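# Observations on the model geometry
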Amino acid sequence: MAGDIAALMDASHLDKATLLGHSLGGKVAMTFALSYPDQTQALIPVDIAPVIYHHRFDSLIKALQDLPLSTLTSRKEADDYLRSRIEDPALRSFLLQNLVMRAGQFRWRLNLTTIQTNMDTLLGFPEFPLEVRYWGPACFIHGGASNYLRSEHRPLIQARFPQARIITLDDAGHWLHV
């Protein structure tokens, strides 16, 4: 995905970009900055660290896959169906933004099977030689109620991104924008 950004910038004749990415998007932005530092103006990873994560989302993906799309008549009905399996209303609302009506039937904008199949890759982070760093400006934004960017990640962030500042939004969880 970092290579895709480089190709897009090249095709658009952009010399540098400021990259902001949340979660997986933050990993892509960090990978781009480490791979293409001369094309990175600044970096803003949101609630993510340059590490491999070990949690899984199988139950969440299963809940979305089990939604009876063929008989679903409204987004409220989908929310009601998911309520017992996804307790957090903000998370349900966020996920249901990817439920779209096409040709008179609800469907997921996301390819849930592909996400589930590639979960290890999505949770990973590329291995870079120890000397690879991004020396430009970086601001990591952390949701204080989230465990995605933990105190033990800070030394690695500082090692890879020496100019990094870490800002915490105390009451925000992983989905800071929700």
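Residues numbered from 1 in each chain as written. Predicted model: local features only at pLDDT ≥ 70, side-chain atom pairs only at ≥ 80, totals over all residues. Heavy atoms only, no water.

## A closer look at the sheet that holds strand 5 (residues 138-143)
The pairing of strands in a sheet comes from backbone hydrogen bonds and takes either a parallel or an antiparallel form. In space, the four strands of this open sheet follow the order 1-2-5-6, with parallel pairing throughout. Either end of the sheet is taken by a strand with one partner, and the two such strands are strand 1 (17-22) and strand 6 (164-169). Going across the sheet, the axis of each strand differs from the next one's by a mean of 15°, ignoring polarity. Examined bridge by bridge, strand 2 (residues 40-46) and strand 5 share two bridges and lie parallel to one another. (Pairing = 2+ DSSP bridges. Helix = DSSP H or I, 4+ residues; strand = E, 2+ residues; numbered from the N terminus. Axes fitted to C-alpha atoms, helices over the stretch in contact; angles between N-to-C directions.)

## What to know about a positive patch on the surface
A grouping of R75, R102, R107 and R109 is seen on the molecular surface, where their side chains present a positively charged patch. By secondary structure assignment, the location of R107 is in strand 4 (residues 105-108). The partly exposed category is assigned to R107, whose relative accessible area is 42%. (Patch = residues over 30% accessible without salt bridge, like charges linked within 9 Å, V, L, I, M, F, W, Y side chains within 5 Å. Areas by Shrake-Rupley, 256 points an atom, 1.4 Å probe, with all protein chains shown as cover. Salt bridge = Lys/Arg side-chain N within 4 Å of Asp/Glu carboxyl O. Lys, Arg positive; Asp, Glu negative; His and termini not counted. Charge placed at Lys NZ, Arg CZ, Asp CG, Glu CD. Buried < 20%, exposed > 50% of the residue type's maximum accessible area, 1.4 Å probe, protein only.)

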